[in-house]
Amino acid sequence: MEWQRANGLTDNGRFDDACAQKAGVTLNRMSTTEFTASGSIDQKKKDLLGFSPSKTWSTSEKNKIDGMVTSVSFPVHDENGKDNTKSLTIHNKLAANVKAIFTDIYTKVPTFRVVNVGGYCYRRINNGTGTQTLSNHSFGAAIDINYGADKGYDLVSKNSKVVNSKLNPFWSGGKPLDSGDTDYAMRTVNHPVVKACADHGFGWGGQYGDYMHFSFFDGH
Ligand SMILES: [Zn+2]
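So, here's what we can say about the structure. Since the structure is predicted, the reported quantities are computational estimates derived from the model, not experimental observations.

A word on the pairing of strand 4 (residues 142–145)
Turning to step 1, where the next piece is worked out: With burial as the criterion, each face of strand 4 is covered, one bearing A142 and D144 and the other bearing I143 and I145.
Turning to step 2, where the next piece is worked out: The sheet contact formed by strand 3 (residues 117–118) and strand 4 spans two bridges and is antiparallel. Within strand 4, the residue paired with V117 across the bridge is I145.
Turning to step 3, where the next piece is worked out: Sheet topology note: the strand 4/strand 6 (residues 213–215) ladder contains three bridges and is antiparallel. Its bridge partner being in strand 6, A142 is matched across the sheet by S215.

Here it is, written out as structure tokens:
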């Protein structure tokens, strides 16, 4: 800002594209730039982290990744359909992507209710098989939206919809109790929340039955 003032480039306190053009500089949009990567999942992991992570627990890698994550806050329509704010922890390179995802959901899918969200957690996959393989939540590149809808907690909206009061049917190979898209759960690839995530680089876990899960690694 000081540099801008010194160069007389402020316009109502803003340094915008017109000012930048006058100054012959390219604006650094680092704080709002979404991260992109292409190639295999392993290549994307390397691009994101700067190294190829182990598939199983590594305390030294956990310590490194702990230093790469940040908390992101965003507006939501909560379980009562009211304006609220929620936050989650994600790799700092993906912070703008996550903010954009939830801003899109808030503005373009206003009927969707964000009850709870999850992000970074260095842990093994929790699918009941006892696998040692790390979840992609371990790399700060995966989010869960409304895990209550899949994990069997009662999730009651103001419309008194009880989503699912039984144990999560997915991990036991069952079918979801609610088979269609709703304003709290994604069940088909046509759900607008699936699209909002895809628009910002996050694939859907619903392709293999993890309906609440989205990740930068093609949904895995
Ligand atoms: Zn997940």
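Describing the pairing of strand 1 (residues 69–77)
Turning to step 1, where the next piece is worked out: In this sheet, strand 2 (residues 83–91) lies alongside strand 1 in antiparallel orientation, the contact comprising nine bridges. Across the sheet, the residue bridging to V69 is H91, located in strand 2.
Turning to step 2, where the next piece is worked out: From the end of strand 1 to the start of strand 2, which pair antiparallel, there are five residues, and G81 there has a positive phi angle of about 80 degrees.

Quick look at the sheet that holds strand 4
Turning to step 1, where the next piece is worked out: Reading across the sheet, the four strands line up as 3-4-6-5 and stay open at both edges, with antiparallel pairing between neighbours. Because the sheet does not close on itself, it has two edges, and the strands there are strand 3 and strand 5 (203–204).

Rules of the game
- Residue positions are counted from 1 within each chain, in the order its sequence is given.
- Side-chain atom pairs in this predicted model are given and counted only at pLDDT of 80 or more, local residue features only at pLDDT of at least 70, and totals for whole chains, interfaces and linings cover all residues.
- The burial label depends on the number of other C-beta atoms within 10 Å of a residue's C-beta. Counts of 20 or more mean buried, 12 or fewer mean exposed, and intermediate counts mean partly exposed, with C-beta atoms placed from the backbone.
- Per the convention used, a helix needs a DSSP run of H or I reaching at least four residues, while a strand needs a run of E reaching at least two, with both numbered from the N terminus.
- Strand pairing is assigned whenever DSSP identifies at least 2 bridges connecting the two strands.

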